[in-house]
Amino acid sequence: MKERALVAILATGGTIAGASPSATGASYTSGSLSVDALLDAVPELGELAELSSEQIAAIGSQDITDAIWLALAARVTELTARDEVDGIVITSGTDTIEETAFFLNLVVRTPKPIVLTGAMRPASALSADGPLNLYNAVAVAADPKARGKGVLVVANDKIHGARSVVKANTTVVDTLQSPGRGLIGTVHFGEPRYFRGPVRPHAEATPFEVAAIEALPRVEVVYAHAGMDGKMIEAAVANGARGIVIAGVGSGNLSSPAMEALTAAAAAGVVCVRSTRLPTGFVARNVETDDDERGLIAACDLSPQKARVLLQLCLLGEHSLAELQELFLRY
Ligand code: GLU
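This is a predicted model, so every value here is computed, not measured.

Further remarks concern the pairing of strand β9 (residues 185-188). Burial along β9 is one-sided: the face carrying Gly 185 and Val 187 is buried and the face carrying Thr 186 and His 188 is not. Where strand β6 (residues 158-161) meets β9, 2 bridges bridge the pair, whose relative direction is antiparallel. Within β9, the position partnered with Lys 158 by the bridge is Thr 186. Relative to strand β10 (residues 191-194), β9 runs antiparallel, the two being bridged by 4 bridges.

In structure tokens:
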């Protein structure tokens, strides 16, 4: 038995690696510090685990791409296949951390802990939150009790599941939340406590295979609003979308003209998924919309951005509409 766990740190940038000329100024540049600078700032990490480090990207997470997701998935797969690696920490901006976490949750097959973390305040700010978030993330990644819980997101003493976590506030350090779901656990100065595991299949129990994939299918999210017409949906189709996710009003509803455009898109072979722009709740089939007749999929409780990730993965295979609906109910 090893004395200390080995945790591999993969850095992608974000505010956790952000720097500003002022400790109190709001403006800063995401991703300007290297992974080694992040680790050097928290020498206490050595108490928790042995570390290896790599820079996968150096971006604000608003610039994350399918290519970076695929590179991350490939590298996490390689690293977790090594006996000596016990867990992975990925540093990320928080803007899209929920999508990156959900993507990896669906494609990386390992019971080893994969933990994403970030920060809301740049490393140079007063009361920067990155160092303790990183410390707690390494503690969770090094913890054998975190195995089998799918991809986790750790920030502000909380351990979130990849499927439930959302960014809920533009500035506060408690921005990451699991509304209506609850936490997987908490982690206080490096001591994790778990309340539950993820219920949905993840990691070793998913069918999505991206090892030989160079790009993910184009899926657009179209946001619904009062007075909506069908133009944005028609534009998505004209632009080559293979899938469209609607951030619908209420339980995934759309104005009549937008619904006609969506139905036409579905008839033309674009897979159309109804989600909601609301922060919580469930979009069920055939409530105010006849999904059967219109050939649409209900996103269940996935947010538009997570429904987009799942739809991109679903579109890598050949599925009937009924099978696609099953996949949305299952994952
Ligand atoms: N734009 C930043 C990013 O996602 C937001 C703050 C953060 O890093 O958490 O990279």
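Moving on, there is more to tell.
Evaluation of the coordinates by the stated rule reveals 2 aromatic pairs. With 5.0 Å between their ring centres and 15 degrees between their planes, Trp 69 and Phe 103 make a pair best called stacked. With Trp 69 in helix α3 (residues 66-80) and Phe 103 in helix α4 (residues 97-107), this residue pair connects regions lying 34 residues apart in the sequence. Side by side, Trp 69 and Phe 103 carry an identical accessibility label, which is buried. With a centroid separation of 5.3 Å and an interplanar angle of 65 degrees, the aromatic rings of Phe 208 and Tyr 331 are classed as edge-to-face. With Phe 208 in the loop between β10 and β11 (219-223) and Tyr 331 in the segment after α10 (321-330), this pair connects stretches of sequence that are 123 residues apart. Looking at Tyr 331, the relative accessible area reads 4%, which means it is buried. Over the face of the ring belonging to Tyr 194 we find Lys 149, whose NZ or CZ atom lies 5.1 Å from the ring centre.

So, on to the sheet that holds strand β13 (residues 271-276). Pairing within the open sheet is parallel, and its 4 strands lie in the order β11-β12-β13-β14. Only two strands of the sheet have a single partner each, and these edge strands are β11 and β14 (297-298). By the bridge criterion, 5 bridges tie β11 to strand β12 (residues 243-248) in an arrangement that is parallel. Within β12, the residue paired with Val 222 across the bridge is Ile 246. Along the sheet, helix α7 (residues 256-267) contacts β12 and β13; its crossing angle with β13, the most-contacted strand, is approximately 145 degrees. Across the face of the sheet, helix α9 (residues 304-314) comes into contact with β11, β12 and β13 while running at roughly 165 degrees to β12.

Rules and cut-offs
Residues numbered from 1 in each chain as written. Predicted model: local features only at pLDDT ≥ 70, side-chain atom pairs only at ≥ 80, totals over all residues. Heavy atoms only, no water. Buried < 20%, exposed > 50% of the residue type's maximum accessible area, 1.4 Å probe, protein only. Helix = DSSP H or I, 4+ residues; strand = E, 2+ residues; numbered from the N terminus. Pairing = 2+ DSSP bridges. Phe/Tyr/Trp six-rings, centres within 6.5 Å; stacked < 30°, edge-to-face > 60°. Lys NZ or Arg CZ within 6 Å of the ring centre and 35° of its normal. Contact = heavy atoms within 4.5 Å. Axes fitted to C-alpha atoms, helices over the stretch in contact; angles between N-to-C directions.

Geometric descriptors of this kind do not, in isolation, establish any biological role.
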